[in-house]
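# Coordinate analysis (summary)
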Amino acid sequence: PIASLACAKQALFLGVGVAVMIVGMTIPAAVLQRYSILVYAAGLVLLLLVSQFGIVVNGSRRWLNLGAFNLQPAELMKMG
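Residues numbered from 1 in each chain as written. Predicted model: local features only at pLDDT ≥ 70, side-chain atom pairs only at ≥ 80, totals over all residues. Heavy atoms only, no water.

This paragraph deals with a nonpolar patch on the surface. Together, L14, V18, M21, I22 and M25 give the surface a local cluster of nonpolar side chains, amounting to about 510 Å² of exposed area. Its place among the elements puts L14 in helix α1 (residues 2-26). The exposure class assigned to L14 is exposed, which follows from its relative accessible area of 58%. (Patch = residues over 30% accessible without salt bridge, like charges linked within 9 Å, V, L, I, M, F, W, Y side chains within 5 Å. Areas by Shrake-Rupley, 256 points an atom, 1.4 Å probe, with all protein chains shown as cover. Salt bridge = Lys/Arg side-chain N within 4 Å of Asp/Glu carboxyl O. Helix = DSSP H or I, 4+ residues; strand = E, 2+ residues; numbered from the N terminus. Buried < 20%, exposed > 50% of the residue type's maximum accessible area, 1.4 Å probe, protein only.)

And the structure:
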């Protein structure tokens, strides 16, 4: 039962990841460039929030707990 739950969770994350990838591929580069400063600023704010409210995983404070999932703002900064 636990293994099937883990598989279902991974399948859900795979589906969401593929959907986000497809949406991201359809956005023209000019639009991404136009909003890059906004993405960068939002990433900086999220990194500041991690320093205050982030959860510790394996001894490192890198994640924000958003209820249903955890977010690692460093990944957003890569795009910004």
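What follows is about the environment of K78. Considering the arrangement of structural elements, one finds K78 in helix α4 (residues 73-79). Measuring from C-alpha to C-alpha, the distance between K78 and V39 comes to 9.9 Å, with 39 residues separating the pair along the chain. Among the polar contacts listed, one links the side chain of K78 to the side chain of E75, at a separation of 3.2 Å. (Polar contact = N/O pair within 3.5 Å; in protein donor to acceptor, adjacent residues only side chain to side chain.)

Our focus in this paragraph is the pairing of strand β2 (residues 60-65). One ladder, built from three bridges, connects strand β1 (residues 55-57) with β2; its direction is antiparallel. If you follow I55 over to β2, its bridge partner there is W63. In this structure, the hairpin formed by β1 and β2 is closed by a connection of two residues, where N58 is found at a positive phi of approximately 55°. Direction of pairing for β2 relative to strand β3 (residues 70-71): antiparallel, over a ladder of two bridges. Looking across to β3, one finds that L64 is bridged to L71. The antiparallel pairing of β2 with β3 creates a hairpin that spans four residues between the two strands, and G67 there sits at a positive phi of about 85°. (Pairing = 2+ DSSP bridges.)

Below, the discussion takes up helix α3 (residues 36-53). The end-to-end C-alpha distance of α3 is 25 Å, a good match for the 26 Å that 18 residues give at a rise of 1.5 Å each. Turning to α3, its buried residues number three or more, namely G43, L46 and V50. Seen from one end, α3 has its buried residues packed into an arc of 65°, which puts them on one side. Among the exposed residues of α3, those oriented more than 90 degrees off its buried face are I37, L38, L48 and Q52. Of the surrounding elements, those touching the buried residues of α3 are β2, β3 and α4. (Expected span 1.5 Å × (residues − 1). Arc of directions from axis to C-beta. Contact = heavy atoms within 4.5 Å.)

Below, the discussion takes up unusual backbone geometry. Excluding glycine, most residues fall at negative phi; most peptide bonds, likewise, are trans. Backbone geometry places N58, a non-glycine residue, at a positive phi of 55°. Within the secondary structure, N58 is located in the loop between β1 and β2. When its relative accessible area of 80% is taken as the criterion, N58 is described as exposed.

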